[in-house]
Amino acid sequence: MLFHKILILCLIVMPTFLHGSELLSPDLQRENMIYQQNLSEIFEGEQKFVEYKYGKYSILEIFDDENDSAVLYLHGRGLNPNEQNLANPMRIEMSDVYNTYSIQLPVLKKNSTYYEYVNIFYDSDERIKSAIRYILKNNRKLTIIAHSCGVHMLMSYIRNYNLSPEVEALVLIGSGAVDKGQKLLYQYPYNKISVPILDLFGENDFHLVLQESRSRKELIKGTSKKSRQIEIKSSNHYHDDNSQEVIEIVKKWLSHR
């Protein structure tokens, strides 16, 4: 018991020690609560733990030996890899064609803002890097689907590292979302991306997502001629009760890419 408490304390303070006191540490207590409430009993696929630079995190996996391509899903701010709006239906309904993986990204306390979350992107960088490594052990190709803050975290990873050549497409849902009165603190590194991008957003999405949609459309054209932007009518940022249309659009685009 004493060893367990010491280990948890080390995991909490280590990122701050390594990266400077101005950076936050992920809320491991909340992450453990998410695991207990949402991930400890999974009916579709398996829940596993992947070790990475700062400890370990949950990954939900649906694997079939007959598939050799994978999808990695990155959830939105403060959510979990099995949240019901997009993560759960996406990882299950994409599994007829792909091996699917959905990871627990780092979280902070409830109501934390984009500006606060930027300070734990160093942690999500390492989770995404290790997840890609884990997935490519048993898959030949990979598509990454990211929603909301998951897009921020994916772009931080790309900014600080390079996409593996096995990554063949990116799907960005609700790209560029920040809190009211805030703005993106750095430009997305589209210049480092050379694969097709599908940019999806809802007709009733957040203000900045809508405001910057034309600019994003021009930027994704530079990554590939197959990149495309689609607005989903009557849908909001979370695509409440609208996951089927999102999945159908993603599947169709990937099949014709």
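In this text, all values refer to a predicted model and were calculated from it rather than measured experimentally.

A. Just the sheet that holds strand β1 (residues 46-52), in detail. Ordered in space as β1-β2-β4-β3-β5-β6-β7-β8, the eight strands form an open sheet in which the pairing is mixed. Either end of the sheet is taken by a strand with one partner, and the two such strands are β1 and β8 (228-236). Direction aside, neighbouring strands of the sheet carry axes that sit 20° apart on average. Here four bridges tie strand β2 (residues 55-62) to strand β4 (residues 99-103), and the two strands are oriented antiparallel to one another. The residue of β4 that forms the bridge with L60 is S102. Packed onto the sheet, helix α5 (residues 121-135) meets β1, β2, β3 (69-74), β4 and β5 (141-147) and runs at close to 115° relative to β1.

B. Region of interest: the environment of I197. Among the secondary structure elements, I197 is positioned in strand β7 (residues 197-204). Placed 48 residues apart in sequence, I197 and C149 show a C-alpha to C-alpha distance of 17 Å. Leaving out residues up to four positions away in the same chain, I197 has contacts with L170, L172, Y190, I220, T223, S227, R228 and W253.

C. Representation of the environment of F201. Assignment of secondary structure puts F201 in strand β7. Separated by 31 residues in the primary sequence, F201 and I232 place their C-alpha atoms 6.1 Å from one another. Excluding residues within four positions of it along the chain, F201 makes contact with V209, L210, S213, R216, Q229, I230, E231, I232 and H239.

D. Representation of the nonpolar core in the model. If you look at the biggest cluster of nonpolar residues, it comprises 50 residues, and the most contacted ones within it are L72, L74, I144, L154 and L170. For this core, the element with the most residues is helix α6 (residues 149-160), which contributes seven residues. With residues up to four places along the chain from it excluded, the contact list for L72 reads Y101, I103, A131, I132, I135, L142, T143, I144 and I145. Counting 21 residues, the second-largest nonpolar core is a separate cluster that includes L86, M94, A169 and I230.

E. Representation of the layout of surface pockets. Each pocket or cavity is described by its volume, and for the second largest pocket that value is around 420 Å³. Lining the second largest pocket are 24 residues, and of these R77, V178, D179, F206 and Y238 lie nearest its centre. Only α6 and α7 (207-211) provide two or more residues apiece to the lining of the second largest pocket.

F. The pattern of salt bridges, seen in detail. Counting across every chain of the model gives eleven salt bridges. The residue R77 makes a salt bridge to D179 at a minimum N-O spacing of 2.9 Å. In this pair, R77 sits in the loop between β3 and α3 (87-93) while D179 sits in the loop between β6 (167-173) and β7, placing the two residues 102 residues apart along the sequence.

G. Molecular detail of the packing of aromatic side chains. With the rule as written, the count across this model stands at nine aromatic pairs. Between the aromatic rings of Y52 and Y54, the centroid separation amounts to 5.9 Å while the plane-to-plane angle is 85°, which identifies the pairing as edge-to-face. Comparing Y52 with Y54, the two get one shared label, buried. Measuring from centroid to centroid gives 5.8 Å for Y114 and Y115, while their planes differ by 50°, and the two rings are tilted. Using a relative accessible area of 30% as the deciding quantity, one classes Y115 as partly exposed. A connected cluster of aromatic rings, assembled from ring pairs, spans Y52, Y54, Y57 and Y122. Here the basic side chain of R159 rests over the ring of Y186, its NZ or CZ set 4.4 Å away from the ring centre. Note that R216 overlies the ring of F201, its terminal NZ or CZ placed 5.6 Å from the centroid.

Reading guide: rules and limits
- Residues numbered from 1 in each chain as written.
- Predicted model: local features only at pLDDT ≥ 70, side-chain atom pairs only at ≥ 80, totals over all residues.
- Heavy atoms only, no water.
- Pairing = 2+ DSSP bridges.
- Helix = DSSP H or I, 4+ residues; strand = E, 2+ residues; numbered from the N terminus.
- Axes fitted to C-alpha atoms, helices over the stretch in contact; angles between N-to-C directions.
- Contact = heavy atoms within 4.5 Å.
- Core = buried A, V, L, I, M, F, W, Y, C linked by side-chain atoms within 4.5 Å.
- Buried < 20%, exposed > 50% of the residue type's maximum accessible area, 1.4 Å probe, protein only.
- 1 Å grid on protein atoms, 1.4 Å probe; cavity = no way out; pocket = protein on both sides within 12 Å on 5 of 7 lines; lining within 4 Å.
- Points joined across faces, edges and corners; volume = space filled by probe spheres on them.
- Salt bridge = Lys/Arg side-chain N within 4 Å of Asp/Glu carboxyl O.
- Phe/Tyr/Trp six-rings, centres within 6.5 Å; stacked < 30°, edge-to-face > 60°.
- Lys NZ or Arg CZ within 6 Å of the ring centre and 35° of its normal.

Geometry only, nothing functional implied.
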